[in-house]
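The residues making up each chain are set out below.
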Amino acid sequence: MPLLSPLKNLDTPARPSRRYWLVQGIALALPLALLALFRLFRGNQPVMDWFLLHVTSPFKWCLSWVLDPLPFSMAEVCWAAAILGGLAFAIRTIWLLVRREDKLRRLGRRALALLTAVLLADAGYTALWGANYYGSTFSQKSGLTARGATAEELYQLTLSFAAAASEWAGTVERDENGVFCVSVDDLFDRSAGIYSGILEEFPCLAGPERTPKPMAFSRLMSYLGFTGFFFPFTGEANLNVDAPRAFLPSTIAHELAHQRGVAAEQEANFVAVLTGLRSDDPAYRYSSALMGYVHLSNALYTANYELWSQTGGYLNEQVRADLADNRAYWQQFETPVEKAAGKVYDNFLQNYGQELGMRSYGACVDLLVAYYFD
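Right, let's walk through the structure included here. (Residues numbered from 1 in each chain as written. Predicted model: local features only at pLDDT ≥ 70, side-chain atom pairs only at ≥ 80, totals over all residues. Heavy atoms only, no water.)

1. Details of the environment of Gly25
Considering the arrangement of structural elements, one finds Gly25 in helix α1 (residues 18-41). Its relative accessible area of 34% is what places Gly25 among the partly exposed residues. Along the backbone, Gly25 and Thr116 are 91 residues apart, and their C-alpha atoms lie at a distance of 9.4 Å. (Helix = DSSP H or I, 4+ residues; strand = E, 2+ residues; numbered from the N terminus. Buried < 20%, exposed > 50% of the residue type's maximum accessible area, 1.4 Å probe, protein only.)

Structure representation (structure tokens):
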């Protein structure tokens, strides 16, 4: 009997040790300190530039170099692990609250662990990507200043891009319906070196060559309204390969612009358009002309409907087929889920100082007008 008396009730949770609270305190203090430093210095552009140049960029380039040979997206693996881990955490928490005693203390510890994980992720994302929104912009580095446009300027530039897209539409492979059908594998393989044609004009875009990654769950991305994203925790540019093929090359160029440090969406779109137009690859050249046309046409529609209505006649049947294919594809995803995802991302962009939110995707028009008219 005396040998059994020291045994404790296994259902009674052991009190956290001093080491536990030390580790927990450090885990909470580190992200809080980093977030506090970010808020303190985010208005100081030279400090942000130094941090990006000497800390985050080398880290992301090194990590992306390690992951580049992988044929799949490590970012997708991370997201899947985070979702599955979150579900397991929730199930385990419910089980502990139902089956064990001292529920309030257990709930407090689980909530503290969840808060720590969220803060660590937030601080990591802020350091690896959020800081980019407060460093020198592409416009500042390149000396190109965005400006507003007159309706006539928009009209002339829209016609120019419509003509370019129509001219190059016949240089790419098409299916029996006349729709762009260059294989996904070819487009990814041919992405290497697409920035070489623009580096002399914009040396600020220099960076290591990395391979973009196709997403296995691309259909899910379409339901959320995304064509691609840059994941700073792995340094990978990730692409939705389920979406219409005609815009994939320009979207690859857009995500690679993020990989090269262009944070603002309007600037990344401008860089994607110009990069493709400077490329010798017909698929990238055509896709970029098509992307530029869409942005300019949308802006002209708002500025002057009468002038906009005159531009459609400059598009040939092949361009019309690609635009129709794109519209038909995205119409099936116009759901409350897609709208909610767009609203969340809009708030995210504005939280990092991107006042235009999702609308900033179309603001590359200002840069195009400044580039071609000034």
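2. Observations regarding the pairing of strand β3 (residues 236-239)
Here β3 shows a buried face lined by Glu236 and Asn238 and a second buried face lined by Ala237 and Leu239. When strand β1 (residues 213-214) meets β3, the two strands line up parallel, connected through two bridges. Paired with Lys213 across the strands is Asn238, a residue of β3. The pairing of strand β2 (residues 228-231) with β3 spans four bridges and is antiparallel. Note on β3: the bridge partner recorded for Phe229 is Asn238. (Pairing = 2+ DSSP bridges.)

3. Quick notes on a nonpolar patch on the surface
Taken together, the side chains of Ile83, Leu84, Leu87 and Ile91 define a hydrophobic patch exposed on the protein surface, amounting to about 440 Å² of accessible area. Looking at the element boundaries, Ile91 is found in helix α3 (residues 74-99). Taking the relative accessible area as the measure of exposure, Ile91 reaches 59% and is therefore exposed. (Patch = residues over 30% accessible without salt bridge, like charges linked within 9 Å, V, L, I, M, F, W, Y side chains within 5 Å. Areas by Shrake-Rupley, 256 points an atom, 1.4 Å probe, with all protein chains shown as cover. Salt bridge = Lys/Arg side-chain N within 4 Å of Asp/Glu carboxyl O.)

4. Observations concerning the packing of helix α11 (residues 282-303) against helix α15 (residues 364-373)
With their axes 9 Å apart at the nearest point, α11 and α15 run at an angle of 100° to one another. Compared by their axis directions, α11 and α15 come out roughly perpendicular. In this structure, α11 uses His295, Leu296 and Ala299 to contact α15, whose residues at the interface are Cys364, Val365 and Leu368. In terms of residue class, the contact of α11 with α15 is built from five nonpolar, one polar and no charged. (Axes fitted to C-alpha atoms, helices over the stretch in contact; angles between N-to-C directions. Parallel < 35°, antiparallel > 145°, perpendicular 65-115°, else oblique. Contact = heavy atoms within 4.5 Å. Nonpolar A, V, L, I, M, F, W, Y, C, P; charged D, E, K, R; others polar.)

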